[in-house]
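Structural overview for review
Spelled out, the chains give:
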Amino acid sequence: MKINIEQIAPTFLSQLEQDGFSAQTIIARLNDRDSYKEAVKKIRQQTGLRYSKEIIKRALNGQTETEEDLANDDIADAINWFKSQRRRRWVLEQDEKLQSEKFLIDDLDQFSKGKPTDFIVWNCLGFEWQQEPQGGYPPCRITDNLESSIVLYFLPRLKQVAEKLSAIGNPTIIPMIPSSEATYESMWNYLQSRAEREQVVNNAVSELSKKLQGTEFPGNVTIKTMRWDEYLKSRGVAKEPEEYSKEGEQRIWESNDVNRITQEAVDNGVEYFGRFGIEVNPEKIAPKRIRYYGMYWGEGAAMSDIKKSGNRGVVVINFEELRVSKMALRGAKGNLSILTPVSDKEMAEYYKSEND
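Residues numbered from 1 in each chain as written. Predicted model: local features only at pLDDT ≥ 70, side-chain atom pairs only at ≥ 80, totals over all residues. Heavy atoms only, no water.

**Details of the side chain of N318**
Along the chain, the position of N318 falls in the loop between β8 (313-317) and α15 (322-331). Among the polar contacts made by the side chain of N318, one reaches the side chain of S325 at a distance of 3.2 Å. Beyond its immediate chain neighbours, meaning those up to four positions away, N318 contacts S325, I338, L339, T340, P341, V342 and M347. (Helix = DSSP H or I, 4+ residues; strand = E, 2+ residues; numbered from the N terminus. Polar contact = N/O pair within 3.5 Å; in protein donor to acceptor, adjacent residues only side chain to side chain. Contact = heavy atoms within 4.5 Å.)

**As for the packing of helix α3 (residues 36-46) against helix α4 (residues 53-60)**
Running from N to C, α3 and α4 cross one another at 120°; their axes reach a closest spacing of 10 Å. Between α3 and α4, the angle falls in the class oblique. The crossing of α3 and α4 is right-handed. Contacts between α3 and α4 involve Y36, A39, V40, I43 and R44 from the former and K53, I56, K57 and L60 from the latter. (Axes fitted to C-alpha atoms, helices over the stretch in contact; angles between N-to-C directions. Parallel < 35°, antiparallel > 145°, perpendicular 65-115°, else oblique. Left-handed = near helix turned anticlockwise from the far one by under 90°.)

**With respect to the pattern of salt bridges**
What the rule picks out here adds up to 23 salt bridges. Among the salt bridges present, the one from R312 reaches D118, with a minimum N-O distance of 3.0 Å. Of this pair, R312 sits in the loop between α14 (282-308) and β8 while D118 is found in strand β1 (residues 117-122), placing the two residues 194 residues apart along the sequence. Residue class for D118 comes out buried when judged on its relative accessible area of 0%. Between R275 and E271 there is a salt bridge, with the nearest N and O atoms lying 3.1 Å from each other. Linked by salt bridges that have partners in common, E185, R194, R197, E198, R227 and D229 make up one network. (Salt bridge = Lys/Arg side-chain N within 4 Å of Asp/Glu carboxyl O. Buried < 20%, exposed > 50% of the residue type's maximum accessible area, 1.4 Å probe, protein only.)

**Comments concerning the nonpolar core**
Grouped together as the largest cluster of nonpolar side chains are 70 residues, with contacts concentrated most on L108 and W188. Considering every element that reaches this core, the biggest residue donor is α14, with eight residues. If sequence neighbours within four positions are ignored, L108 has contacts with I75, I79, F119, L165 and I168. Of all hydrophobic cores here, the second largest spans 22 residues; its members include I120, A301, M303 and I306. (Core = buried A, V, L, I, M, F, W, Y, C linked by side-chain atoms within 4.5 Å.)

**Looking at the packing of aromatic side chains**
One pass over the full model with this rule turns up 20 aromatic pairs. Here the aromatic rings of F111 and F119 are separated by 5.2 Å at their centres, their planes lie at 70°, and the arrangement is edge-to-face. For the pair formed by F111 and F119, the shared burial category is buried. Between F127 and W129, the ring centres sit 5.2 Å apart and the planes meet at 10°, which makes this aromatic pair stacked. Grouping residues by exposure puts F127 and W129 together as buried. Here a set of aromatic residues connected by ring pairs shows up, and it is made of F127, W129, Y137, W188, Y272, F273, F276, Y292, Y293 and Y296. Sitting above the plane of the Y190 ring, R197 keeps its charged end 3.9 Å from the centroid. The aromatic ring of Y244 is capped on one face by K239, whose charged end is 4.0 Å from the ring centroid. (Phe/Tyr/Trp six-rings, centres within 6.5 Å; stacked < 30°, edge-to-face > 60°. Lys NZ or Arg CZ within 6 Å of the ring centre and 35° of its normal.)

**So, the pairing of strand β4 (residues 172-177)**
With six of six residues buried, β4 is to be regarded as a mostly interior element. Residues T172, I174 and M176 line one face of β4 and the alternating positions I173, P175 and I177 line the opposite face, and both faces are buried. Strand direction decides the pairing type here: β1 and β4, joined by five bridges, are parallel. Looking across to β4, one finds that W122 is bridged to M176. By the bridge criterion, two bridges tie β4 to strand β6 (residues 222-223) in an arrangement that is parallel. Looking at β6, one finds that I173 is bridged to I223. With two bridges connecting them, β4 and strand β7 (residues 226-227) associate as parallel partners. For M176, the partnering residue across the bridge sits in β7 and is M226. (Pairing = 2+ DSSP bridges.)

**With respect to the environment of R29**
You can see R29 is positioned in the loop between α2 (23-28) and α3. Spatially, the C-alpha atom of R29 lies 47 Å from that of K307, the residues being 278 residues apart in sequence.

**Focus: the sheet that holds strand β2 (residues 126-129)**
The strand order β2-β3-β5 describes an open sheet built from three strands, whose pairing is mixed. Since the sheet does not close on itself, it has two edges, and those belong to β2 and β5 (189-190), each with one partner. The pairing of β2 with strand β3 (residues 139-143) spans four bridges and is classified as antiparallel. Among the inter-strand pairings, W129 is bridged to a residue of β3, identified as C140.

Encoded structure:
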């Protein structure tokens, strides 16, 4: 079946112009001998895959889209874009049932209908480690880590994410400083006082906020850097972060695969400290490594609790290695959408630059 160029929906042509494309140029490359498949391919090639095949087919048939249709199209476009950034595990799954994509679509649908939604991007603190004489857990100093901020490193990609989300609704993007890393007294052996560590966290928030102020995001996007403990309070969560972390640690010890998690956590710790020339005794660091993983488990549980309240959605935009997100997803019992819009190669390049 051949297309009828005169039948193309005017609303689609207007949308092309609004998105910065020349509708006249695109139409000029079509002809009435094109099949629908050929016409769709030509339009997608000229628009950088900006529009889904379904959107273009409807436009070629002269169908005018309702606001709900446009919202659904924008959601489909965002999903396709996320998939294009990372084919495998672009949205993290808890098991083989592949429910997370359905959860995400529902989250974005509610977001498109006006539900306030926080899109959280973690920005970790830095650690300066020292050798512990007996091979125990190394003592550390906390830094704001802004010279190797993961949010600033992936800022161009975060802007792209913001553009996709802004077409669906009015997103609140929260670069999150994990205050627990500086305040969980039983997790690490700190060399600084509590007051000094609190100042590091507050400095990370203020300085990251300043650096992001000069970045142009779509007008309907809110960027608000926060520390984790204050974020929970602002969302009406009564439990303290440390309480979530302790519960997460307990859940790991009670889990059926605790031995596997322990081995992974210890192996990762030995490899991590080795980068700094620090030797550790696997048996001595094991309890704190589980405590460390419990912190991530607790973060996932806390975000899930916010979602369960029904007043606000939460979606994680992840740039970190996936073992972190896997613990958070388990803590949320799968009730959390975690998007990773970067490839393994891009992740590896970030961690290499951080180490360098």
